[in-house]
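# Coordinate analysis (summary)
Here is what each chain is made of, one letter per residue.
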Amino acid sequence: MEMNKDLAKDSNKPVPDTIQKYRDYVITEFLKSVAPIVIASGTGAVITDTQGREYLDCFAGISVVNAGHCNPEVIAAARAQMEKLVHCSSYLYHVQPTADLAEKIAQITPGGLTKSFFGSSGAEAIEGALKLARLYTGKHEFIALQGSFHGRSYGALSVSGNWARKKGGGPYAAGVSFAPAPHVYRSFWRNDPEECGRQCAKAIEDIILFATSGDVAAFIAEPVMGEGGIITPPPNYFREVKKILDRHGILFIADEVQCGFARTGKMFAIEHFGVVPDILVTAKGIADGFPLSAFTTRPEIAAAFKPGDHLSTFGGNPVCCAAALANIKYMERENLCGYTAAMGDYAISRFREIQRDNSLIGDVRGLGLMIGIELVKDAMLTPASAEAEEVRDACLRQGLLVGVGGINGNVIRFQPPLVISRSQIDQAAGILSKVLQEVAPKK
Ligand SMILES: Cc1ncc(COP(=O)(O)O)c(C=O)c1O
């Protein structure tokens, strides 16, 4: 097994107790490796390991702690709620934090999306959204995007367009068709994003006509694709898509699990594209690290649920809801969206400077602080996948945490806590630049 291979290299060193327990008792066989560090604490954009070594965290626990590690306001709200009540099942009885959070989400979501259901994970919220779309429309099929990822449960994997995430679990649910992702850099229209947007949208109409039985309940898409390699659609894409969906009576489910809650410089990424989804799914950044998810929709769609159709034991947990409410209030008061937009532009400009001197970087793209640096070996855009892993591992050794994604595993993901400072971005860019110079393309 490849796990802890970095530690194995240093075999004279004793293995820390926590890592040994992982080896003995935690199922990690589905991972290539777990980073060989033991995290003890975190604050803002910095986490500290048990040896006291600090790391600049530019992955935020997979794009979760948007308001920073252990944001004091979020922690205080959760602690206060914990002293009063941790759980009673928020769907059996009324609890105030759940009600207050639902009201707040109704205020900040676009359009008339005013009713929320709460769960614990992104996948759980996706499952509920898919079910509700079927109940409301009376139709059964789905259209999703190639390269997308919507979670690890069966329905969520069925609408995920990524074989690597699905392998070992098939066959998946029938009635799902996949449309091309509006990935400008790898499309025929690299120099014409608008045409890329138009053609990829048009492909959805073709799919409705040629690949489905016309019984399509919903189209599901991440407004900015995360695991698929930070794919930012052209500005016209979702407008063109929505026109087609409306013509065919198909709902639009926006999966904002990864790109929501100020990550892209707007509270929800779909706001960049001038359309309102029918169902908006959120998780990750909603509660700054407390496990909570939601799907939010219009009252008439929510009314398609009938008694017995849905529930979740932990859904709307009072502690998580109190944390989420404090998190959103913090984001609003601190104008985290505006700050993220400015810092995102700055980070992209720094990474494009690095790109000028480094042939391994094919593309730098993103919105706000959801940024992808795609590594390629040559002008044919051959994915530099091994190199991306090497960059991530070398960054870790230099005290910088970044992610790797993309259908080919060749995209460095820069998704730090949104409270990261300009000088921390400089620090990250400095380490990345140095590491990238040292990593040569593999033949
Ligand atoms: C866009 C998107 N949707 C859904 C999920 C699933 O969320 P969770 O891991 O909380 O189930 C993820 C997780 O990475 C995601 O990125």
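Everything below is about the structure printed above this text.
What you are looking at is a predicted structure, and each value in this text was computed from that prediction instead of being measured.

### Comments concerning the pairing of strand β9 (residues 279–282)
Residue alternation in β9 divides its side chains into two sets, Ile279 and Val281 and Leu280 and Thr282, and both sets are buried. Two elements, strand β8 (residues 251–255) and β9, share 3 bridges in a ladder whose sense is parallel. By the bridge assignment for β9, isoleucine 253 is matched with isoleucine 279. Two strands pair when backbone bridges link them, and β9 and strand β10 (residues 293–297) are joined in this way by 4 bridges, in the antiparallel orientation. Note that in β10 the partner of valine 281 across the bridge is phenylalanine 295.

### Regarding the sheet that holds strand β7 (residues 216–221)
Strand order in the open sheet formed by 7 strands is β4-β10-β9-β8-β7-β5-β6, with mixed pairing between adjacent strands. The outermost strands of the open sheet, each flanked by one partner alone, are β4 (115–119) and β6 (176–179). The sheet shows a mean angle of 20° between the axes of neighbouring strands, taken without regard to direction. Two strands pair when backbone bridges link them, and strand β5 (residues 141–145) and β6 are joined in this way by 4 bridges, in the parallel orientation. Bridge assignment links isoleucine 143 to a residue of β6, and that residue is serine 177. Relative to the sheet, helix α5 (residues 96–108) contacts β4 and β10, its axis offset from that of β4 by approximately 125°.

### Some thoughts on the sheet that holds strand β1 (residues 39–43)
Spatial ordering of the open sheet is given by β1-β2-β3-β13, a layout of 4 strands whose pairing is mixed. Here the strands that pair on one side only, and so sit at the sheet edges, are β1 and β13 (400–401). By the bridge criterion, 3 bridges tie strand β2 (residues 46–49) to strand β3 (residues 54–57) in an arrangement that is antiparallel. Pairing of valine 46 across the sheet is with leucine 56, part of β3.

### Observations regarding the nonpolar core
Ile204, Phe219, Phe351, Leu375 and Phe414 are the most contacted members of the largest nonpolar core, which has 85 residues in total. Broken down by element, the residue count for this core peaks at 8 residues, all from helix α13 (residues 336–356). With near-sequence residues (within four places) excluded, phenylalanine 414 lies in contact with Cys58, Ala347, Phe351, Leu369, Met370, Ile371, Ile420, Ile425 and Ala428. Counting residues in each nonpolar core, the second largest holds 25 residues, with Ala123, Leu132, Val159 and Phe295 among its members.

Quick notes on the rules
- Residues numbered from 1 in each chain as written.
- Predicted model: local features only at pLDDT ≥ 70, side-chain atom pairs only at ≥ 80, totals over all residues.
- Heavy atoms only, no water.
- Buried < 20%, exposed > 50% of the residue type's maximum accessible area, 1.4 Å probe, protein only.
- Helix = DSSP H or I, 4+ residues; strand = E, 2+ residues; numbered from the N terminus.
- Pairing = 2+ DSSP bridges.
- Axes fitted to C-alpha atoms, helices over the stretch in contact; angles between N-to-C directions.
- Contact = heavy atoms within 4.5 Å.
- Core = buried A, V, L, I, M, F, W, Y, C linked by side-chain atoms within 4.5 Å.

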